[in-house]
Amino acid sequence: MNTDVKIKVLAKEGAALPVYKTAGAAGADVCAFLEHDVVIEPHERQLIPTGLFFDIPDGFEVQVRPRSGLAFKNGVTVFNTPGTIDSDYRGEIKVLLVNFSRDPYTVRSGDRIAQLVIAPVTRAAWEKTDSLSESERGAGGWGSTGGFADRP
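For clarity, every value in this text was computed on a predicted model and none was experimentally measured.

In this section: the pairing of strand β4 (residues 45-55). Relative to β4, strand β1 (residues 8-11) is paired through four bridges, and the arrangement is antiparallel. Considered in β4, the bridge of Ala 11 is made with Leu 52. Strand direction decides the pairing type here: β4 and strand β8 (residues 92-99), joined by six bridges, are antiparallel. Paired with Pro 49 across the two strands is Lys 94, which belongs to β8.

Structure (structure tokens):
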């Protein structure tokens, strides 16, 4: 396993560090850290604390992504996916969950609620211009390359 990127983690007493569940896992599971259960009603969203604070190296971000099993089995997913945790953020890591099912979903402390992926960041040098280069696609968007726009 490649562990070249070191992320310092400050954890509240009892909070679980992120864990890679298999040798090939790209995402490390992160758990809820709650004083009491949180019920997410259908079509409601809740910000769920983890009890973790990160010191992410410059040039990297931590992406917050859904757990596929939680989404498939319960209809609960990360609402702003992928969420980005910037290298200069030092607050508590929280996960914005949304319940797309028809039933309330209860989050308990210690539940695996999301996965975290470490990614390098490339920053752009934004340059104002008076024209853009031509391309085959041009200004076509919203399905212009196929899919639903091609349906009768």
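Take the packing of aromatic side chains next. If you walk through the whole model with that rule in mind, you get one aromatic pair. Where Phe 79 meets Phe 100, the ring centres are 6.4 Å apart and the plane angle is 45 degrees; that geometry is what we call tilted. Residue Phe 79 is located in the loop between β6 (76-78) and β7 (83-85), and its partner Phe 100 is located in the loop between β8 and β9 (105-107); the two are separated by 21 residues in the primary sequence. You can call Phe 100 partly exposed: its relative accessible area is 48%.

So, about the pattern of salt bridges. For the structure shown, the criterion picks out five salt bridges. Across the salt bridge formed by Glu 92 and Lys 12, the nearest N and O atoms sit 3.5 Å from each other. Of this pair, Glu 92 sits in strand β8 while Lys 12 sits in the loop between β1 and β2 (28-31), placing them 80 residues apart in sequence. Take Lys 12: its relative accessible area is 38%, and that puts it in the partly exposed class. Through salt bridges with shared partners, a single ionic network connects Asp 29, Arg 67 and Arg 112.

Read across the open sheet, the four strands follow the order β2-β10-β5-β7; overall the sheet is antiparallel. In this open sheet, the two strands that pair with only one neighbour each are β2 and β7. This sheet shows a mean twist of 35 degrees between the axes of neighbouring strands, independent of strand direction. Summarising the sheet, strand β5 (residues 60-65) and strand β10 (residues 112-120) pair through six bridges and their orientation is antiparallel. Bridge pairing in β10 links Gln 63 to Val 117.

The strands making up a sheet associate through backbone hydrogen bonding, with each pair oriented either parallel or antiparallel. Here we have four strands laid out as an open sheet, ordered β1-β4-β8-β6, and antiparallel in their pairing. Two strands in the sheet have a free side with no partner beyond their single neighbour: β1 and β6. For this sheet the average axis-to-axis angle between neighbouring strands, irrespective of direction, equals 40 degrees. The sheet contact formed by β6 and β8 spans three bridges and is antiparallel. Looking at the pairing, Val 78 lines up with Leu 97 of β8.

Turning our attention to the side chain of Thr 50. Along the chain, Thr 50 turns up in strand β4. Overall, the relative accessible area of 1% leaves Thr 50 in the buried class. Polar contacts involving the side chain of Thr 50 include one to the main-chain carbonyl oxygen of Ile 93, which spans 2.7 Å. Among residues more than four places away in sequence, those in contact with Thr 50 are Ala 15, Val 30, Cys 31, Phe 33, Glu 92, Ile 93, Val 95 and Ile 113.

Parameters and conventions
Residues numbered from 1 in each chain as written. Predicted model: local features only at pLDDT ≥ 70, side-chain atom pairs only at ≥ 80, totals over all residues. Heavy atoms only, no water. Pairing = 2+ DSSP bridges. Helix = DSSP H or I, 4+ residues; strand = E, 2+ residues; numbered from the N terminus. Phe/Tyr/Trp six-rings, centres within 6.5 Å; stacked < 30°, edge-to-face > 60°. Buried < 20%, exposed > 50% of the residue type's maximum accessible area, 1.4 Å probe, protein only. Salt bridge = Lys/Arg side-chain N within 4 Å of Asp/Glu carboxyl O. Axes fitted to C-alpha atoms, helices over the stretch in contact; angles between N-to-C directions. Polar contact = N/O pair within 3.5 Å; in protein donor to acceptor, adjacent residues only side chain to side chain. Contact = heavy atoms within 4.5 Å.

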